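Coordinate inspection notes
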Amino acid sequence: MAEIDKDAALDAAEAIPEEDVRLCIFTIGEDTYTLPVEMLTEIIIPQKIFPVPTTPPQVLGVINLRGNIVPIVDIRHVLNLPKTSHPTQTAIVRHGQMVVGLMVDSVTEVASVPVSSLLSVPPELGTSGQAAGRHRFFKAVVQRELGAAALLDMDRLLEALRI
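To start, this report covers the structure provided alongside it. Predicted model only: the values in this text are computed from it and were never measured. (Residues numbered from 1 in each chain as written. Predicted model: local features only at pLDDT ≥ 70, side-chain atom pairs only at ≥ 80, totals over all residues. Heavy atoms only, no water.)

**Focus on the overall build of the chain**
Of regular secondary structure, the chain possesses three helices and eleven strands. Overall, the chain shows an N-to-C arrangement of helices and strands of α-β-β-β-β-β-α-β-β-β-β-β-β-α. The buried share among the 163 residues of the chain stands at 38%. In the chain, once contacts between residues fewer than 6 apart in sequence are set aside, the share between residues at least 24 apart is 55%. (Helix = DSSP H or I, 4+ residues; strand = E, 2+ residues; numbered from the N terminus. Buried < 20%, exposed > 50% of the residue type's maximum accessible area, 1.4 Å probe, protein only. Contact = heavy atoms within 4.5 Å.)

Right under this line is the structure:
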């Protein structure tokens, strides 16, 4: 009888598919980051950015995107990343009522990953050197075959950007 219960439990576990989450994966410098696809409205090539006086240094200015004024930000400053590369794409992100453009080096893929591959951020991550404090902007670490990617916490990131 115990064997029948074990088989039924195994069959039930196999019958329930694991939930996937769709993520947009992009790079900034040497690092890989990700956001849920639902937040992403589009990827565009950089356009003429119009500077806005008295904005923080991470706010590069605004663009006119089909009649909508969109602030463009460089999150390197907030993430304490060096400016060693040149962004080639802008990820237009909607978070609540806000639409903002994030300068990224490249969008590498849109992937579906199992929820089980989202790991909690280790407390010792980013506690020394240039990475100090960066982990507070991560919701999770996504384990992938090609390496790990940090799932950004847009609430904290936008708060730090002070747009």
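**Comments concerning the sheet that holds strand β6 (residues 89-95)**
The sheet built from five strands is open, its strands ordered β3-β6-β7-β5-β4 with mixed pairing. Among the strands making up the open sheet, the edge pair consists of β3 (40-44) and β4 (59-65). Here the average twist between neighbouring strands, direction ignored, is 30°. One ladder, built from two bridges, connects strand β5 (residues 68-73) with strand β7 (residues 98-104); its direction is parallel. Within β7, the position partnered with Val 73 by the bridge is Leu 102. (Pairing = 2+ DSSP bridges. Axes fitted to C-alpha atoms, helices over the stretch in contact; angles between N-to-C directions.)

**Some details on the pattern of salt bridges**
Throughout the structure, instances matching the rule amount to six salt bridges. Taking the shortest distance from any N to any O, the salt bridge between Arg 76 and Asp 74 comes out at 3.3 Å. Here Arg 76 makes a salt bridge to Asp 105, at a shortest N to O gap of 2.7 Å. Of this pair, Arg 76 sits in helix α2 (residues 76-79) while Asp 105 is found in the loop between β7 and β8 (106-114), placing the two residues 29 residues apart along the sequence. Using a relative accessible area of 2% as the deciding quantity, one classes Arg 76 as buried. Using a relative accessible area of 9% as the deciding quantity, one classes Asp 105 as buried. (Salt bridge = Lys/Arg side-chain N within 4 Å of Asp/Glu carboxyl O.)

**Structural notes on the nonpolar core**
One finds Tyr 33, Ile 75, Met 154 and Leu 157 to be the most contacted residues of the largest nonpolar core, which totals 26 residues. Residue assignment for this core shows that the elements contributing at least two residues are β1 (20-28), β2 (31-36), α2, β6, β7, β10 (138-144), β11 (147-152) and α3 (154-161). Element by element, the count of residues in this core is highest for α3, at four residues. Those residues in contact with Met 154, other than ones at most four positions away along the chain, are Leu 35, Met 39, Val 93, His 95, Val 100 and Leu 102. Counting nine residues, the second largest nonpolar core, distinct from the first, contains Ile 25, Val 113, Ala 140 and Leu 151. (Core = buried A, V, L, I, M, F, W, Y, C linked by side-chain atoms within 4.5 Å.)

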